[in-house]
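Understanding the architecture of this molecule
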Amino acid sequence: MLIHGTLTNPELSECELNINHQDMKLIRLLPWTILLFALGVQAQDSDATANQVREEIDLREPLPEASDQIAEQLIATYFKAIGGYDRYMGIRSVRTDATITEGMNEHRATTYIIPPNRIREEITVRKLGKDHVTVLGFDGENAWEYDLSVKNPFPEELKGSKKKALREAADFYGILANWKERGCVVEYLGAVTSRKHKHYLVKLYKPDGHTQYYYFDPKSYLITRIGWRENRNGTVVDQDIFPTKYRKFGGLWLPDKYERAMEDQVYGTIVVHNIELNQSLSDDLFTEPKVKEVWIRGKNSK
C-alpha cells in the first residue's frame, strides 16, 4: 500500500489554501485523536520473535531528502483551521469522557492527560449487570494498572508493550505538531478520493522509516482521516481513523465521534461526551496507588 485512496490531481495552488470558515462545522480534528486508541493497539512486546522484528522492519521506508513546500503549507494551514497553533500548544491538561465500541463490546473511558507525558485511563465495562473498573496510569516514568473489579485489588507495574502504549497515548500534542523537531519528513502526494470525496494527501515519514497518511478536506483544510500500516500476526494491514462529528471546546475544534477501520472495514467507534481543557489536575491521579498491607494473624498466633 503506497497511497490510501485514488490519485486524481497532483497540483495544489496557493489560492486554494484559504480557509472557508463556513465549512468549519463540517470537518474538525486534532492530532491526538489517534492516541485515544493507543491502548487498544496490539503493539510488539519487548521479547518479540526474530520473525516479528523482521516483519516490523519491513514496514519502514527510506526518507525523502527533504520535505516539500505544499505538505508543510497544508500542515500549517490545518493548525490555523483548528483554532491556532499557539492555542493548541497552550493546552496544559485534558479530561475526556467517552464511550468506545468495538464489535459487540462497549465500554466507557475517562481519560486525564497532562502533556507531555502523564496519563490516566479509567475504563468501565458492564458485565452481567455489574460495572467492572480498571485504571491505568503513566506518571512520566512508571506505568501501572489497578483492577478494581477483583476482591482485593492491588496495583501492578506495567512493562513492555503496555507501558509503551501508555507512553505514546500520553503524547497529547502528537507528532504533527512538532514534526520538524522530531526529525520527520513530509511529502505531498496529490489529490485523492477518500469515501467518495476529494482530499489532499500528505505522507509523514518518521525518523525510523515508519509512515502515516493525513487527509485534508479541500474546503476546511482540516484532517478527515489518518492512515498507517501495521503488522498483525504476520500480516501487514491498513489501519485508519475517520472523524465523523465534531464540536468546539475551549476555542478549538475537537472530534466527538469517529470510526476505526482495518482494510476499509469499520470495526469500532468512539463517541466523546465531554472534553475539559486546562483544568487543575492533581498529581495523585497519575501516581501508582499505595495500598496498605494487611497482615492477618492466625487464630493461634500471639
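It is worth spelling out the overall build of the protein chain at this point. On a plain count of helices and strands, the protein chain comes out with four helices and 14 strands. A buried classification covers 45% of the 302 residues belonging to the protein chain. Looking at the protein chain alone, contacts between residues at least 24 apart form 57% of all its contacts between residues at least 6 apart. In the form shown here, the protein chain has an accessible surface area of approximately 16600 Å², with 48% of it arising from carbon and sulfur atoms.

Let's shift gears to the pairing of strand S6 (residues 143-147). As a general feature of sheets, a regular strand has side chains that alternate between the two faces. With four of its five residues buried, S6 lies for the most part within the structure. Linking strand S5 (residues 130-138) back to S6 in an antiparallel pair, the connection comprises four residues, with Gly-140 at a positive phi of about 105 degrees.

A word on the pattern of salt bridges. A pair can form between side chains of opposite charge whenever their charged atoms are brought close. This model, assessed by the stated rule, comprises 16 salt bridges. Taken together, the salt bridges that share partners define one network made up of Glu-61, Lys-203 and Arg-229.

Okay, the confidence of the model for the protein chain next. Per-residue confidence for the protein chain averages 81 on the pLDDT scale, and 78% of its residues sit at or above 70. Across residues 6-47, where pLDDT falls below 50, the model places 115 contacts with residues more than four positions away in sequence or in other chains.

Attention now goes to the pairing of strand S3 (residues 105-114). Relative to S3, strand S2 (residues 94-102) is paired through nine bridges, and the arrangement is antiparallel. What sits directly across from Ala-98, in S3, is Ala-109. Two elements, S3 and strand S4 (residues 118-127), share eight bridges in a ladder whose sense is antiparallel. Pairing of His-107 across the sheet is with Val-125, part of S4. Counting the residues between successive antiparallel strands, the hairpin from S3 to S4 contains three residues.

Under the criterion given, the structure shown has nine aromatic pairs. Ring geometry for Tyr-200 and Tyr-221: centres 5.9 Å apart, planes at 15 degrees, overall stacked. Residue Tyr-200 is located in strand S9 (residues 197-205), and its partner Tyr-221 is located in the loop between strand S10 (211-216) and strand S11 (223-232); the two are separated by 21 residues in the primary sequence. Neither Tyr-200 nor Tyr-221 differs from the other in exposure class; each is buried. Among the aromatic side chains, those forming a connected cluster through ring pairs are Tyr-78, Phe-79, Tyr-85, Tyr-88, Phe-172, Tyr-173 and Phe-216. Sitting above the plane of the Tyr-215 ring, Arg-225 keeps its charged end 4.7 Å from the centroid.

This part is about the environment of Tyr-173. For Tyr-173, the position within the fold is in the loop between helix H4 (160-169) and strand S8 (185-194). We classify Tyr-173 as buried; its relative accessible area is 11%. Taking C-alpha positions, Tyr-173 is 9.9 Å from Gly-90, a pair spaced 83 residues apart along the chain. A distance of 3.3 Å separates the side chain of Tyr-173 from the backbone oxygen of Met-89, its partner in a polar contact.

Restricting attention to buried positions, one finds in H4 the residues Ser-161, Ala-165, Leu-166 and Ala-169. In a view along the axis of H4, the buried residues occupy a sector of 140 degrees, so they form one face of it.

Here helix H2 (residues 69-81) spans 18 Å end to end across 13 residues, near enough to the 18 Å set by a 1.5 Å rise per residue. All of the buried residues along H2 are Ala-71, Leu-74, Ile-75, Thr-77, Tyr-78, Phe-79 and Ala-81. Where the residues of H2 are buried, they touch helix H3 (85-89), S8, S9, S10, S11 and strand S13 (252-262). Near the N-terminus of H2, the side chain that reaches the backbone nitrogen of Ile-70, with its oxygen 3.2 Å away, is that of Asp-68. One or two residues past the end of H2 sits Gly-83, with phi positive at roughly 130 degrees.

Below, the discussion takes up the environment of Lys-219. Tracing the backbone through its elements, the reader meets Lys-219 in the loop between S10 and S11. For the pair Lys-219 and His-199, spaced 20 residues apart in the sequence, the C-alpha separation amounts to 9.2 Å.

What follows deals with unusual backbone geometry. Following Pro-115, the chain continues into Pro-116 via a peptide bond in cis, with omega recorded as 10 degrees. Along the chain, Pro-116 falls in the loop between S3 and S4. The backbone of Asn-233 shows a phi angle near 55 degrees, a positive value even though the residue is not glycine. Among the secondary structure elements, Asn-233 is positioned in the loop between S11 and strand S12 (235-249).

Moving on to the environment of His-210. Mapped onto the elements of the fold, His-210 is located in the loop between S9 and S10. Relative accessible area serves as the criterion here: at 16%, His-210 is assigned to the buried category. Expressed as a C-alpha distance, the spacing of His-210 and Leu-59, which sit 151 residues apart in the sequence, is 6.4 Å. A polar atom in the side chain of His-210 sits 3.0 Å from the side chain of Asp-208.

Rules used in this analysis
Residues numbered from 1 in each chain as written. Predicted model: local features only at pLDDT ≥ 70, side-chain atom pairs only at ≥ 80, totals over all residues. Heavy atoms only, no water. Helix = DSSP H or I, 4+ residues; strand = E, 2+ residues; numbered from the N terminus. Buried < 20%, exposed > 50% of the residue type's maximum accessible area, 1.4 Å probe, protein only. Contact = heavy atoms within 4.5 Å. Areas by Shrake-Rupley, 256 points an atom, 1.4 Å probe, with all protein chains shown as cover. Pairing = 2+ DSSP bridges. Salt bridge = Lys/Arg side-chain N within 4 Å of Asp/Glu carboxyl O. pLDDT = per-residue confidence, 0-100. Phe/Tyr/Trp six-rings, centres within 6.5 Å; stacked < 30°, edge-to-face > 60°. Lys NZ or Arg CZ within 6 Å of the ring centre and 35° of its normal. Polar contact = N/O pair within 3.5 Å; in protein donor to acceptor, adjacent residues only side chain to side chain. Arc of directions from axis to C-beta. Expected span 1.5 Å × (residues − 1).

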